Each structure stands twice: as C-alpha cells, then as structure tokens.
Amino acid sequence: QVQLVESGGGLVQAGGSLRLSCAIAGARYDIGWYRQAPGKDRDFVASIRWSDDSTDYADFAKGRFTISRGSTKNTVYLQMSSLRPEDTATYYCKAEDAVAVGSRSWGQGTQVTVSS
C-alpha cells in the first residue's frame with residue numbers, strides 16, 4: 001500500500017516522444033507501467049525490479065520504450081519514443097512490494113494521445 005502519482009502524459013504526433021513519471025511515496029517496490037485504451041483491457045507495458053533494477057518489456061514496447069528509476073528511487077520513468085497512434089491510452093503505474101508479494105497499489109493514470 002503506497003501512494004502513486006503519474007504525470008507527463010499529453011498529446012504528441014506520431015513518431016514523437018514523451019516521458020512519463022511515477023512518483024512513489026516509498027521505496028522497495030517493483031514498479032510496472034500498464035496502459036488501457038477505451039473499451040480495452042489494461043495491458044502490461046514495462047516493469048523494473050527493486051532488487052537490481054532489472055527490466056521487462058511488452059513486445060510492443062521493446063526498442064521504443066525505456067523504464068528507469070531515478071537516483072532517489074522514489075520516481076520511475078517511462079521514456080517513450082517512436083510513438084504510434086495505437087499507443088494512445090491511459091498509462092498507469094503499479095507498485096508491488098518487493099518483500100510482501102501480493103501487496104499492490106495503482107496510480108490514477110495519465111493520458112497519452114498520439115495523433116496521426
């Protein structure tokens with residue numbers, strides 16, 4: 001249980017870039033980015049582990065998106081480049097306790113819109 005606040009969303013043209021931020025009121029959390037378009041399921045985008053900052057990406061994100069943790073470890077970024085209209089969605093940050101597995105928190109989301 002931790003407060004998460006996403007920011008950085010906006011409107012961008014296809015091929016452009018955005019950097020999303022997830023501010024975390026705590027530490028020792030594995031962080032995941034998910035996205036959800038209207039009428040669609042919430043899909044995994046990328047994740048970063050607390051233990052070693054290892055990362056994982058959805059296939060659509062590989063080579064285009066980069067997840068990273070700030071030096072203070074209370075912010076996680078999602079750098080998105082080569083954006084496509086199909087990337088349009090609300091992007092959510094999820095925190096899972098690295099020790100107490102099963103304890104999860106979600107942010108409220110930030111909107112990303114990619115125009116053609």
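Report follows, based on the coordinates. The structure presented is a predicted model; accordingly, all values stated were derived computationally and were not measured.

Moving on, we get to the overall build of the protein. Scanning the protein for helices and strands turns up zero helices and eleven strands. Start at the N end of the protein and walk to the C end: the helices and strands fall as β-β-β-β-β-β-β-β-β-β-β. For 116 residues, the compact-globule formula gives about 13 Å, and the C-alpha radius of gyration of the protein, at 13 Å, lands near that figure. Principal axes of the C-alpha set define a box for the protein whose edges measure 40 × 25 × 20 Å.

A full pass over the atoms with the stated rule returns one disulfide. The residue that forms a disulfide with Cys22 is Cys93, at a sulfur-sulfur distance of 2.0 Å. Taking the sign of the torsion about the S-S bond as the criterion, the disulfide between Cys22 and Cys93, at about -85°, is left-handed. One end of the pair, Cys22, is in strand E3 (residues 18-24); the other, Cys93, is in strand E9 (residues 89-97), and 71 residues separate them in sequence. For Cys22, a relative accessible area of 0% translates into the label buried.

Computed from the structure, the largest pocket encloses a volume of approximately 170 Å³. In terms of lining residues, the largest pocket is bounded by 13 residues, among which Asp30, Ile31, Ser47, Ile48 and Arg49 are the most central. When contributions to the lining of the largest pocket are tallied by element, the ones reaching two or more residues are strand E4 (29-36), strand E5 (42-48), strand E6 (55-57) and E9. Per-class residue counts for the lining of the largest pocket are four nonpolar, four polar and five charged.

Definitions and limits used
Within each chain, residue numbers correspond to sequence positions counted from 1 in written order. In keeping with the model being predicted, local features are shown solely for residues with a pLDDT of at least 70 and side-chain atom pairs are shown and tallied solely at 80 or more, while totals for entire chains, interfaces and linings include all residues. Only hydrogens and water are removed before side-chain values are computed, so all heavy atoms of the structure are retained for them. Numbered from the N terminus, helices here are DSSP runs of H or I no shorter than four residues, and strands are runs of E no shorter than two. Between the two quantities, the radius of gyration covers C-alpha atoms and the globule rule is 2.2 Å times the number of residues to the power 0.38. Disulfide: a pair of cysteine sulfur atoms within 2.5 Å of each other. Buried residues are those whose accessible area, probed at 1.4 Å on protein chains only, stays under 20% of the maximum for their type, while exposed residues exceed 50% and partly exposed ones sit between those limits. Only protein atoms enter the 1 Å grid used here, on which a cavity is any set of points holding a 1.4 Å probe that cannot leave and a pocket is any open set flanked by protein within 12 Å on both sides along at least five of seven lines; residues with an atom within 4 Å of a point are listed as lining. Grid points are joined across faces, edges and corners, and a volume is the space filled by probe spheres set on the points. When residues are grouped by polarity, Ala, Val, Leu, Ile, Met, Phe, Trp, Tyr, Cys and Pro land in nonpolar, Asp, Glu, Lys and Arg in charged, and all others, Gly among them, in polar.

These results come straight from atomic positions and should not be treated as a statement about function.
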